[in-house]
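# An overview of the molecular structure
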Amino acid sequence: MKGMNRIIPLFGLVLLTGCITKPAVAPEAALALWNEGVAKTEIIDFVNAVTDETGPAYLAPEERIAAFDMDGTILIEKPMYVLFDFALGLVNQKIDADPLLADQQPYKAVVENDMDYFHGNMYGTDGLFDILLYASDGMTDAEYRQALEMYLEKPHPRFVKSPNKLLYEPVLQLIEYLKANDFQVYIVSGSDPEFTRIAASNLVGIPPEQIIGTIVRTEWNGKEFLRKHEFVQPLNDQAGKPVNIRNKIGRIPVLAVGNSRGDLEMLNYSKTAGHSLQLIVNHDDPDREYEYSVDKMKKLCEENDWIEVSMKNDFETVFE
């Protein structure tokens with residue numbers, strides 16, 4: 001079966017008393033926002049296989065770990081990553097307070113709206129990830145939360161809702177379906193985990209302890225945490241994701257879902273499990289969302305034996 005490391009038969013409705021453990025929720029109802037197709041079939045087959053106590057692919061509940069990227073997988077990421085947009089707003093406030101900052105990087109690139117500077121420097125000094133350090137350096141947790149909550153009142157430039165409410169409904173259904181079948185679901189995002197906990201944890205239904213991200217180092221001063229100008233390594237993107245998953249969970253995700261090159265290592269780490277499934281959400285629906293990296297993601301799926309989830313063809317709806 002494509003997308004799984006071992007061929008696993010699909011078990012139908014077999015009336016053998018006490019032999020087969022049925023999923024907690026019928027997939028037809030649980031995945032109602034998914035159109036019929038390869039992606040939906042692969043998901044149902046996989047969940048049926050790993051929850052069937054009589055089958056060769058059965059996994060005990062503690063082994064049922066699922067890892068989901070956030071931006072572009074659960075949450076809209078265009079026209080800009082939500083965390084990056086939030087951080088840019090904080091950086092602009094600092095420039096307004098001290099205009100001389102505009103003469104040095106990365107402030108200069110922010111003032112000049114030079115996105116090429118950041119695209120060419122994702123991980124380096126004063127690059128894309130470092131914007132978060134410049135934005136929140138010295139802030140307390142309370143100040144960070146207050147700034148983020150104010151930001152989330154700002155509507156998305158294309159859609160009416162605040163950006164953290166632009167969640168992909170079929171993906172939320174998938175998460176609930178997995179949880180109903182005793183999967184532990186983690187968000188594994190390049191974003192700051194505190195950002196994710198505040199902006200999306202309750203909306204997605206993932207508890208704060210099951211969120212993994214790029215951690216800004218903090219310091220306890222006796223009464224509160226202060227954010228420092230330093231990351232805890234590794235950054236939670238690309239090769240950093242498997243490392244942080246291992247350190248946080250101690251188990252290999254048997255199901256991994258992403259949407260970009262930044263998720264390659266996480267999905268291939270998942271493939272090292274005995275029975276596994278990997279999905280890529282492909283943004284090929286410019287009418288209901290956006291269209292980008294379509295051919296690149298198709299190629300990655302083909303090269304790595306992942307399952308492509310076409311937003312245009314597999315999602316009955318996109319947003320609530």
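Everything numeric here is computed off the predicted structure, so don't read it as measured data.

Inspection of the entire model under this criterion finds 15 salt bridges. Of the charged contacts in the structure, one is a salt bridge between Lys-241 and Asp-263, with a shortest N-O distance of 2.7 Å. Here Lys-241 is found in helix H11 (residues 240–248), whereas its partner Asp-263 is found in the loop between strand E6 (255–258) and helix H12 (264–270), with 22 residues between them in sequence. Take Lys-241 and Asp-263: they sit in the same class, and that class is buried. Look at the salt bridges and you will find they share partners, linking Asp-69, Lys-241 and Asp-263 into a network.

Overall, the prediction assigns the chain a mean pLDDT of 92, with 92% of residues at 70 or greater. In this model, residues 1–23 is a region of pLDDT below 50 whose contacts with residues beyond four sequence positions or in other chains number 40 contacts.

With that out of the way, let us pick up the packing of helix H2 (residues 38–51) against helix H8 (residues 169–180). The interhelical angle for the contact between H2 and H8, taken along N-to-C directions, is 15 degrees, at an axis separation of 11 Å. Relative to H8, the element H2 lies roughly parallel. Relative to H8, H2 is oriented so that their crossing is right-handed. Here Ile-43, Ile-44, Val-47 and Asn-48 of H2 come into contact with H8, specifically with Leu-174, Tyr-177 and Leu-178. For the contact of H2 with H8, a count of residues per class yields six nonpolar, one polar and no charged.

A separate point is helix H7 (residues 141–151). Those residues of H7 that sit buried are Tyr-144, Ala-147, Leu-148 and Tyr-151. For H7, the arc enclosing every buried residue in end-on projection is 95 degrees, short of the 170-degree limit, so these residues lie on one face. Among the exposed residues of H7, those oriented more than 90 degrees off its buried face are Ala-142, Gln-146 and Met-150. Tucked inside the fold, the buried residues of H7 contact helix H3 (82–97), helix H6 (130–136), helix H9 (193–199) and strand E5 (225–231).

Cut-offs used in this document
Residues numbered from 1 in each chain as written. Predicted model: local features only at pLDDT ≥ 70, side-chain atom pairs only at ≥ 80, totals over all residues. Heavy atoms only, no water. Salt bridge = Lys/Arg side-chain N within 4 Å of Asp/Glu carboxyl O. Helix = DSSP H or I, 4+ residues; strand = E, 2+ residues; numbered from the N terminus. Buried < 20%, exposed > 50% of the residue type's maximum accessible area, 1.4 Å probe, protein only. pLDDT = per-residue confidence, 0-100. Contact = heavy atoms within 4.5 Å. Axes fitted to C-alpha atoms, helices over the stretch in contact; angles between N-to-C directions. Parallel < 35°, antiparallel > 145°, perpendicular 65-115°, else oblique. Left-handed = near helix turned anticlockwise from the far one by under 90°. Nonpolar A, V, L, I, M, F, W, Y, C, P; charged D, E, K, R; others polar. Arc of directions from axis to C-beta.

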